[in-house]
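Each chain is listed here by its residues.
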Amino acid sequence: MAPTALICDTEPWKDLKEHVNQINKTHLRDLMNDVERCQSMMVEYDGMVLDYSRQRARLDTMDKLFKLAEAAHLRQKIDRMYSGEHINSTENRSVLHIALRAPRDKAIYSDGKNVVPDVWHVLDKINDFSERVRSGSWVGATGKALKDVVAVGIGGSFLGPLFVHTALQTDPEAADSAKGRQLRFLANVDPVDVARNISGLNPETTLVVVVSKTFTTDETMLNARTMREWISSALGPQAVAKHMVAVSTNLTLVEKFGIDPANTFAFWDWVGGRYSVCSAVGVLPLSLQYGFPIVEKFLNGASNIDEHFYSTPFDKNLPVILGLLSVWNVSFLGYPARAILPYSQALEKFAPHIQQVSMESNGKGVSIDGIPLPFETGEIDFGEPGTNGQHSFYQLIHQGRVIPCDFIGAIKSQQPVYLKGELVSNHDELMSNFFAQPDALAYGKSPEQLLHDNVPDHLIPHKTFSGNRPSLSLLLPSLNAYNIGQLLAIYEHRIAVEGFTWGINSFDQWGVELGKVLATQVRKQLHLSRTKGEPVQSFNFSTTSLLKKFLEVCFCLNAAYYSSASSQAY
Ligand SMILES: O=P(O)(O)OC[C@H]1O[C@H](O)[C@H](O)[C@@H](O)[C@@H]1O
């Protein structure tokens, strides 16, 4: 496609810039009085409700944002994504995570080939393998069933599966299927993470799943070698075939590592790492833990949103509305951050996952055509489950900086509890906060109200809440596997909408490369200094000084490690 104009040079962008002056004259308190507006800002879909009436936006703001979407060719960009065009232009790849959860009979093409049969070939293989492991027909080297799984992977090969695993852990149906089994994740190359993850595990009953798209990621490969050593030192090298399997796009390197290709689960270069939870990256470990039928429900939920995103008019389209509001908050109102606040402990790993999906996708400095952008893209995402966050960083959100908040709640608890004699059930107690916080942020509390409440004069400034702080609320019917799949896909597509609107490539991640290259130089230096006593050289003053200090203090410990490395087992 021919280079496109920067979005900031279009009329709808300029119009929205002007429009900010209008919005700045209005307090959310007043906007909330307009019932017609509030009604129009509630969208219901498949049992969930999105209420965005507490955004600092009017109905004409939304019209202007839809015009911006038009100027950004949002419709065409979504179509290009769904039709498998190489929209990840810097890597010359399609972006087809939607194919990972497509129904069996759907046709989705990449480079002229329908990829859905390949997807289902792998899903069927996972179904079969996980069933054999779970039923005990696939056993370890000593004939024992493999009841524990350690998934080794980092970044996109870790965060999505961890989020879904944590979310399913307390879903009654999923928990029932997982009885007697454990799933752990080893991500950090820190030996502490290894020690924690193998603690209490028996190699005889443990299956290690090495998950890496490239099969070259330093952290994952060292952890994989460490786990291989853990297995073979306990059970002999031949045990690796029974205790280690892999998920990767790089089948050659997997085989070289020593994992049987028959025990390898493939995915494809048209799946971005951070969008890979619906590939074998997530589906294999999750199926081993919960059984494939549960994971299939999760895939169905995501697929349902794929269809919604593709076919629903923009003014009723959840990811489109959410994405455009993010652009509004970041680029026009000047709020660089977003808090993700699920009122559910089951979603405690949702914010860490979205941090990667969002910040790795949209933290860019140039347009898709390589033109430096005169505006900033991406959001700073962070979050914690409510109500824990309320007792931590909400002070800043209420009286300090303005941070647009996503409140996410569920109508039904995964684990309902009602304590006799209490005013409300535990879930109602939790959700009281979910409903109260957005209004506290939007309305605030004025000095007049405080005066009226007889607050002493000197405390009035401290107790005043300015309000006018935007948030949105997403209320899900429950948090089963299907809803979790929907939630994931809503955010994945929302982030794509933001990137499409800003005119960037949300599917590459060149920014993570430089640090890796520099670490290679440091690794080399550490090796030479430790093994040959070579002095630290070719680094700047600061790094040289720190490296010297590091080598000085750690040398004795490491010398001991080097001399006994072969006999050390974790
Ligand atoms: O799956 P892998 O190839 O091991 O990659 C793991 C991670 O490493 C990189 O640093 C990328 O930034 C991530 O997007 C990716 O998910």
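Conventions used here
Residues numbered from 1 in each chain as written. Predicted model: local features only at pLDDT ≥ 70, side-chain atom pairs only at ≥ 80, totals over all residues. Heavy atoms only, no water. Helix = DSSP H or I, 4+ residues; strand = E, 2+ residues; numbered from the N terminus. Buried < 20%, exposed > 50% of the residue type's maximum accessible area, 1.4 Å probe, protein only. Contact = heavy atoms within 4.5 Å. Areas by Shrake-Rupley, 256 points an atom, 1.4 Å probe, with all protein chains shown as cover. Lys, Arg positive; Asp, Glu negative; His and termini not counted. Charge placed at Lys NZ, Arg CZ, Asp CG, Glu CD. Salt bridge = Lys/Arg side-chain N within 4 Å of Asp/Glu carboxyl O. Phe/Tyr/Trp six-rings, centres within 6.5 Å; stacked < 30°, edge-to-face > 60°. Near = heavy atom within 4 Å. Polar contact = N/O pair within 3.5 Å; in protein donor to acceptor, adjacent residues only side chain to side chain. Nonpolar A, V, L, I, M, F, W, Y, C, P; charged D, E, K, R; others polar.

Asks: An account of the overall build of the chain is requested, with residue identities and associated values reported.
Replies: Scanning the chain from N- to C-terminus turns up 23 helices and 13 strands. Relative to its 570 residues, the chain shows a buried fraction of 53%. At a minimum sequence separation of 6, the contacts of the chain that also span at least 24 residues come to 74%. Counting every atom, the chain has about 25,000 Å² of accessible surface; 55% of that belongs to carbon and sulfur. Positive and negative charge centroids in the chain, built from 52 and 60 side chains respectively, lie 5 Å apart.

Asks: Go over the pattern of salt bridges, please, and point to the residues and values.
Replies: Counted by the stated rule, this structure contains 30 salt bridges. Salt-bridge contacts for lysine 113 lead to aspartate 118; the nearest nitrogen and oxygen are separated by 2.5 Å. Residue class for lysine 113 comes out partly exposed when judged on its relative accessible area of 43%. Its salt-bridge partner being arginine 494, residue aspartate 406 comes within 2.7 Å of it at the nearest N-O pair. With aspartate 406 in strand 12 (residues 405–410) and arginine 494 in helix 21 (residues 481–502), this residue pair connects regions lying 88 residues apart in the sequence. Note on accessibility: aspartate 406 and arginine 494 belong to one class, buried. By sharing partners, the salt bridges in this structure join Arg338, Glu379, Asp381, Asp406, Arg494 and Glu498 into a single network.

Asks: Outline the packing of aromatic side chains, supporting the account with residue identities and numerical values.
Replies: With the rule as written, the count across this model stands at 19 aromatic pairs. Taking 5.9 Å as the distance between ring centres and 85 degrees as the angle between the ring planes, the aromatic pair formed by phenylalanine 215 and phenylalanine 257 counts as edge-to-face. Of this pair, phenylalanine 215 sits in the loop between strand 7 (206–211) and helix 10 (218–235) while phenylalanine 257 is found in helix 12 (residues 251–257), placing the two residues 42 residues apart along the sequence. Comparing phenylalanine 215 with phenylalanine 257, the two get one shared label, buried. Each ring, one from phenylalanine 393 and one from tyrosine 394, has its centre 5.5 Å from the other, and the planes form 45 degrees; the classification is tilted. Each of the two residues, phenylalanine 393 as well as tyrosine 394, counts as buried.

Asks: Kindly report on the site of the ligand, identifying the contributing residues and their values.
Replies: Ser157, Ser212, Thr214, Thr217 and Glu360 are the nearest of the 13 residues found near the ligand. Here serine 212 contributes a side-chain N or O atom positioned 2.6 Å from an oxygen atom of the ligand. Residue glutamine 356 places a side-chain N or O atom 3.4 Å away from an oxygen atom belonging to the ligand. Isolated, the ligand exposes 390 Å² of accessible area, and the fraction of that covered by the protein chains is 87%. Its residues assigned to classes, the shell around the ligand comprises two nonpolar, eight polar and three charged.

Fair warning: the whole summary comes from geometry, so function is off the table for now.
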